[in-house]
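Each chain is listed here by its residues.
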Amino acid sequence: GDSVTQMEGPVTLSEEAFLTINCTYTATGYPSLFWYVQYPGEGLQLLLKATKADDKGSNKGFEATYRKETTSFHLEKGSVQVSDSAVYFCALTHTNAGKSTFGDGTTLTVKP
Amino acid sequence: DAGVTQSPTHLIKTRGQQVTLRCSPKSGHDTVSWYQQALGQGPQFIFQYYEEEERQRGNFPDRFSGHQFPNYSSELNVNALLLGDSALYLCASSLDRQRYGYTFGSGTRLTVV
C-alpha cells in the first residue's frame, strides 16, 4: 500500500535559517503530492501541491519539487520566521481515489 | 467565504457510549472526508462521502459510520466507544480531490474516559 515517510523531528532553527524537511513516498502510479501545515489547536492547511513529476509547488516562500526518480517531495524555505513554527505534513493522493495518505508530521520550532 | 465548520470542538464521552460529530463543508465543495488524528501522528483516513454515499473507506471497524446530507454536510458516528478512540477527528472537504487537495476543519477533540 501507499506510505509517506518524513524526517523525524523536532526541528529547531534560528530565525532566517534555511529549512529542509525531507519527504519520501511509496506508491504505484503517479499520485499528487501535498504539504500541509498545522498550527497548535487548528486543523491542517494546504501549503502547496504538485500534481505531476518535476512540478514545483510554492507558497509563502516554501517550495517543493516532485521528484519521481527519487520518490521525494522535500519541503524547503530559504529564510524561516518565528511564525513558521508548526507541524508540517507531507501527503499523497491518487487520481480518482478518495483518501490521502499522510506522513507522521515534522514539528518545526523557529527561535528568534 | 466560510471554510469547513465542525462541531462540537471538544467532547468527553464514557467508554461504551455513542458519539456524533458534525461537519459543514466549504461552500461549493461536494465531497467530505473524515480523518482520525491521534496525538503525534498524521491523519488516518476513515471514509469519504460523495452524493450521499460512502465512496471509499479506510481500515476502521464498522463502529465508525457516517452520513452525508443533500446539502453536502456530513456526520460521523462512533458506537461502543473505546479508550483508543480518543483523538482529533478532522473533516475535510474538496471539489476535485486529486488535484487541489483538501480544505480541513479545525477538528473535534474527542476524549473517551
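Since we're looking at a predicted model, the values are computed, not measured.

A. Spatial organisation of the overall build of chain A. Check the secondary structure of chain A and you find zero helices and twelve strands. Taken from N to C terminus, the helices and strands of chain A fall in the order β-β-β-β-β-β-β-β-β-β-β-β. In summary, chain A has a C-alpha radius of gyration of 13 Å against a globular reference of 13 Å for 112 residues, a match within 12%. The principal-axis extent of the C-alpha atoms belonging to chain A is close to 40 × 30 × 20 Å. In chain A, which comprises 112 residues, the share counted as buried stands at 46%. Of all intrachain contacts in chain A linking residues separated by at least 6 positions in sequence, the fraction that spans at least 24 positions is 56%. Surface accessibility of chain A: about 5200 Å² in total, with carbon and sulfur atoms responsible for 47%.

B. Spatial organisation of the sheet that holds strand S1 (residues 5-7) of chain B. Residue and element names in this part refer to chain B. Ordered by their spatial adjacency, four strands build an open sheet running S1-S3-S8-S7, and the pairing between neighbours is antiparallel. Either end of the sheet is taken by a strand with one partner, and the two such strands are S1 and strand S7 (64-68). With direction set aside, neighbouring strand axes in the sheet form an average angle of 20°. Inspection of the sheet shows S1 paired to strand S3 (residues 19-24) by three bridges, in the antiparallel sense. Bridge pairing in S3 links Thr5 to Ser24.

C. Region of the structure containing the interface of chain A and chain B. Taken together, the 23 residues of chain A in the interface contact 21 residues of chain B. Contact between chain A and chain B buries roughly 1700 Å² in total, counting both sides, with carbon and sulfur atoms accounting for 50%. The largest per-residue losses of area from chain A upon contact with chain B belong to A:Leu44, A:Gly98 and A:Phe102, which jointly make up 26% of the total buried on that side. Between the two partners, chain A and chain B, sit zero salt bridges. One can count four residue pairs in polar contact (both at pLDDT 80 or more) joining chain A with chain B. The leading source of residues in the side of chain A that touches chain B is strand S5 (residues 32-38) of chain A, at four residues. Partitioned by chemical class, the residues of the side of chain A that touches chain B number seven nonpolar, twelve polar and four charged.

D. Looking closely at the state of the cysteines. In the structure shown here, the tally under the stated rule is two disulfides over all chains. Between the sulfur of A:Cys23 and that of A:Cys90 lies a disulfide, 2.0 Å long from S to S. Judged by the sign of its S-S torsion, about -70°, the cystine formed by A:Cys23 and A:Cys90 is left-handed. Taken together, the residues span a long stretch of sequence, with A:Cys23 in strand S4 (residues 23-26) and A:Cys90 in strand S10 (residues 86-93) at a distance of 67 residues. Covalent S-S linkage joins B:Cys23 and B:Cys91, the inter-sulfur distance amounting to 1.8 Å. A torsion of -65° about the S-S bond marks the disulfide between B:Cys23 and B:Cys91 as left-handed. With B:Cys23 in strand S3 and B:Cys91 in strand S9 (residues 87-94), this residue pair connects regions lying 68 residues apart in the sequence. The residues B:Cys23 and B:Cys91 share a single accessibility class, namely buried.

Scoring rules and cut-offs
- Residues numbered from 1 in each chain as written.
- Chains lettered and ligands numbered in written order.
- Predicted model: local features only at pLDDT ≥ 70, side-chain atom pairs only at ≥ 80, totals over all residues.
- Heavy atoms only, no water.
- Helix = DSSP H or I, 4+ residues; strand = E, 2+ residues; numbered from the N terminus.
- Rg over C-alpha atoms; globule rule 2.2 N^0.38 Å.
- Buried < 20%, exposed > 50% of the residue type's maximum accessible area, 1.4 Å probe, protein only.
- Contact = heavy atoms within 4.5 Å.
- Areas by Shrake-Rupley, 256 points an atom, 1.4 Å probe, with all protein chains shown as cover.
- Pairing = 2+ DSSP bridges.
- Axes fitted to C-alpha atoms, helices over the stretch in contact; angles between N-to-C directions.
- Buried area = accessible area lost by both parts, 1.4 Å probe.
- Salt bridge = Lys/Arg side-chain N within 4 Å of Asp/Glu carboxyl O.
- Polar contact = N/O pair within 3.5 Å; in protein donor to acceptor, adjacent residues only side chain to side chain.
- Nonpolar A, V, L, I, M, F, W, Y, C, P; charged D, E, K, R; others polar.
- Disulfide = S-S within 2.5 Å.

The values are spatial; any link to function lies outside them.
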